[in-house]
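Remarks on the overall topology
This is what each chain is made of:
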Amino acid sequence: MSAELNQPVPRPGILDIAAYVPGKEHAEGVAKVYKLSSNETPLGASPKAMEAFKAAASNLEIYPDGQATALRQAIADVHGLNMANILCGNGSDELLGLLCHVYLGTGDEAIITEHGFLVYKIQIMGAGATAVTVKEKDCAIEVDAILAAVTPKTKMIFIANPGNPTGTYAPVSEIRRLQAGLPKNVILVLDAAYAEYVRKNDYEAGLELVSGNGNVVMTRTFSKVYGLAALRVGWMYAPAAIIDALNRVRGPFNMNAPAIAAGAAAIRDQSFMQQAVAHNLEWLEKLNNAFTDLGLTVTPSVANFVLIHFPDTDGKRAADADEFLTRRGFVLRAVRGYGFANALRMTVGSEEANLGVISALKEFMGKA
Ligand SMILES: *Cc1c(COP(=O)(O)O)cnc(C)c1O
């Protein structure tokens, strides 16, 4: 036996994966911390979702419903969908992973874009496939560039719409053009994690594209606007054949009971969700204006975060701002791993947090 095989060895490619680094939560030595690093809603979860979660504590010895029926029914009711086409997951991250493990293997390619969500690449590589990265233009996806990258090996394309960390979106006409240009065996994954926040007439999350085609899936999450990030609730709307394939591989009880109950209650409380959207719309504009007035460049966002670009000047770069803000308890997200060496992503927070960041950046930019 050779010496190298005296220990367990992961499949080729696994050790090339750079593990996901979540947003920071702490600021050393600071009493009050405003976590603006992971796009969680400042309004928290619906009180009805919290009640449902607490009620679930009385039956912890019972296995959850492996079909997550109550949650799938609630999603189907609210969105007007057939629940047979809905699959829930332990966060949409789980569903993205399942798609890769079921449809990708060694020798396959999957397309991601320059500033795309890092989970895609991790899951593609985890399945043994190759991630092909396509350039973006002005922080937005380019359909022609993506189509040009399709080869006979391409099996999947990941688009976050709106994008994270850019906050930009592609109009539905462009997404349709992308789908129309793809071979029928290539799955177009539309990750609509921030769909609820978008208020644009030419935006669609992807429901119709999924209904009308055999090769489009849409993923959604309860982690952002619904305030259930801690519980891990995501869902996918997909053609029956894709749901069937994923159902064969997923954990039989991949959704826990408190998550199913809280998720169903959360999505049925649409008025609470709309409050979060209204708060966001108001502050998205205010933050954008305030930062622009300070001479900073902000990528136009339709989501619940803004990408702030800093000057290329000593002492004024993103890393300096990150340190300056963290010392004051404002924890934003460094986005170097997303191809932005000199920018920070800020989640739209509470009024107090937003005003605090504005005033801190005013000081940082020497305009206080
Ligand atoms: C936050 C986010 C998700 C959600 O992931 P969960 O696993 O559902 O918490 C998915 N995609 C993008 C682009 C995100 O930013």
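Residues numbered from 1 in each chain as written. Predicted model: local features only at pLDDT ≥ 70, side-chain atom pairs only at ≥ 80, totals over all residues. Heavy atoms only, no water.

Identification of the protein as Histidinol-phosphate aminotransferase from Agrobacterium bohemicum is taken from an unreviewed UniProt entry.

1. Side note on the overall build of the protein
Stated formally: The helix and strand labels rest on DSSP assignments: H or I over at least four residues marks a helix, E over at least two residues marks a strand, and numbering proceeds from the N terminus. Note that the radius of gyration is over C-alpha atoms, with the globule rule given as 2.2 Å times the number of residues to the power 0.38. For every residue, the accessible area (1.4 Å probe, protein chains only) is compared with the maximum for its type, and the residue is labelled buried under 20%, exposed over 50%, or partly exposed between those bounds.
In terms of helices and strands, the protein carries 12 helices and 13 strands. Here the C-alpha atoms of the protein give a radius of gyration of 21 Å, agreeing with the 21 Å that 2.2 N^0.38 yields for 368 residues. Over its C-alpha atoms, taken along the principal directions, the protein stretches across nearly 60 × 55 × 50 Å. Within the protein, the proportion of its 368 residues that are buried is 52%.

2. Notes on the UniProt feature "domain: Aminotransferase class I/classII large" (unreviewed entry) in the protein
Cut-off, in case you're wondering: UniProt positions are given in the numbering used here, feature names are shortened, and annotations may be inferred rather than shown by experiment.
On the UniProt side, "domain: Aminotransferase class I/classII large" (unreviewed entry) is annotated at positions that read residues 32–355 here. As annotated, residues 32–355 comprises 38% helix and 17% strand, and the C-alpha atoms at either end are separated by 15 Å.

3. What to know about the UniProt feature "modified residue: N6-(pyridoxal phosphate)lysine" (unreviewed entry) in the protein
In plain terms, the rule: Under the rule applied, a polar contact is a pair of N or O atoms within 3.5 Å (in protein, one hydrogen donor and one hydrogen acceptor; residues adjacent in sequence only if both atoms are side-chain atoms).
Here the UniProt feature "modified residue: N6-(pyridoxal phosphate)lysine" (unreviewed entry) sits at Lys-224. Take Lys-224: it is sitting in the loop between strand S7 (216–221) and strand S8 (234–237). Polar contacts involving the side chain of Lys-224 include one to the side chain of Tyr-194, which spans 3.1 Å.

4. Section: the nonpolar core
Stated formally: What we call a nonpolar core is a set of buried Ala, Val, Leu, Ile, Met, Phe, Trp, Tyr and Cys residues that are connected through their side-chain atoms within 4.5 Å. Where each domain begins and ends follows an automated or database-derived domain assignment. Throughout, a residue-residue contact means that at least one pair of heavy atoms, one from each residue, lies within 4.5 Å.
The biggest cluster of nonpolar side chains holds 59 residues, and the ones touching the most others in it are Leu-71, Leu-188, Phe-222 and Trp-235. Looking at which element gives the most residues to this core, the answer is helix H9 (residues 257–268), with 6 residues. Mapped onto the domain boundaries, this core takes at least three residues apiece from domain 1 (14–44 + 271–364) and domain 2 (47–269). Excluding anything up to four places from it in sequence, Phe-222 contacts Leu-71, Ile-75, Gly-227, Leu-228, Ala-229, Val-233, Trp-235, Gly-263, Ala-266 and Ile-267. Listed in part, the 32 residues of the second largest apolar core include Leu-98, Phe-117, Ala-129 and Cys-139.

5. Let's talk about helix H8 (residues 240–249)
Owing to its 3.6 residues per turn, the α-helix brings residues three or four apart onto one side. Which entries qualify depends on this criterion: The reported arc concerns the directions from the helix axis to the C-beta atoms and nothing else.
For H8, the set of buried residues is Ile-242, Ile-243, Ala-245 and Leu-246. Projected down its long axis, H8 carries its buried residues within an arc of 165 degrees, all on one side. In H8, the exposed residues that point more than 90 degrees away from the buried face are Ala-240, Ala-241 and Arg-248. Where H8 is buried, its residues touch strand S2 (86–89), helix H3 (92–103), strand S6 (187–191), S7 and S8.

6. Remarks on the state of the cysteines
Short version of the rule: Here, the term disulfide refers to a pair of cysteine sulfur atoms separated by no more than 2.5 Å.
In this structure the tally under the stated criterion is 0 disulfides. The thiol of Cys-88 is unpaired, and the distance to the nearest cysteine sulfur, on Cys-100, comes to 19 Å.

7. Focus on the site of the ligand
Here is the rule: If even one non-hydrogen atom of a residue comes within 4 Å of a molecule or strand, that residue is called near it. Computed with a 1.4 Å probe, the accessible areas rest on the Shrake-Rupley method; for each residue, only the protein chains presented here act as cover. All residues other than Ala, Val, Leu, Ile, Met, Phe, Trp, Tyr, Cys, Pro, Asp, Glu, Lys and Arg, Gly among them, are scored as polar; the first ten of these are nonpolar and the last four charged.
Near the ligand you find Gly-91, Ser-92, Asp-93, Phe-117, Asn-164, Asp-191, Ala-193, Tyr-194, Thr-221, Ser-223, Lys-224 and Arg-232, and these make up its full shell. At 2.6 Å, a side-chain N or O of Asp-191 approaches a nitrogen atom of the ligand. The separation between an oxygen atom of the ligand and a polar side-chain atom of Thr-221 is 2.6 Å. The protein chains hide 94% of the 390 Å² of surface that the ligand would expose on its own. Its residues assigned to classes, the shell around the ligand comprises 3 nonpolar, 5 polar and 4 charged.

8. Quick notes on the domain arrangement of the protein
Put simply, the rule reads: Buried area: the accessible surface (1.4 Å probe) lost by two parts on joining, summed over both. The salt bridge definition used is simple: a Lys or Arg side-chain nitrogen within 4 Å of an Asp or Glu carboxyl oxygen.
Split into domains, the protein comes out as domain 1 (14–44 + 271–364) and domain 2 (47–269). The C-alpha-based centres of domain 1 and domain 2 are spaced at 25 Å. Between domain 1 and domain 2, the residue contacts involve 33 residues of the former and 32 residues of the latter. Both sides of the domain 1 and domain 2 interface together cover about 2,700 Å² of buried area, and 70% of this is carbon and sulfur. When the area that domain 1 buries against domain 2 is broken down by residue, the three leading residues are Met-273, Val-302 and Tyr-338, summing to 26%. Where domain 1 meets domain 2, there are 0 salt bridges. Summed over the shared surface of domain 1 and domain 2, the result is 9 residue pairs in polar contact (both at pLDDT 80 or more). When residues of the side of domain 1 that touches domain 2 are traced back to their parent elements, those giving at least two are helix H10 (270–293) and strand S10 (305–309). The biggest single contributor to the side of domain 1 that touches domain 2 is H10, with 8 residues. Of the residues belonging to the side of domain 1 that touches domain 2, the class tally is 18 nonpolar, 12 polar and 3 charged.

9. Section: H3
As a reminder, the rule being used: For a helix, the expected span equals 1.5 Å multiplied by the number of residues minus one.
Spanning 12 residues, H3 covers 17 Å between terminal C-alpha atoms, matching the ideal 16 Å at 1.5 Å per step. Among the residues of H3, those classed as buried are Ser-92, Leu-95, Leu-96, Gly-97, Leu-98, Leu-99 and Cys-100.

10. Observations regarding the pattern of salt bridges
Inspection of every chain in the model, using the stated rule, returns 15 salt bridges. In this structure, the salt-bridge partner of Lys-286 is Glu-282, at a minimum N-O distance of 2.8 Å. One end of the pair, Lys-286, and the other, Glu-282, are both in helix H10, 4 residues apart, so they sit about a helical turn from each other. Owing to a relative accessible area of 39%, Lys-286 belongs among the partly exposed residues under this scheme. What you see here is one network of salt bridges that share partners, running through Asp-144, Glu-174 and Arg-177.

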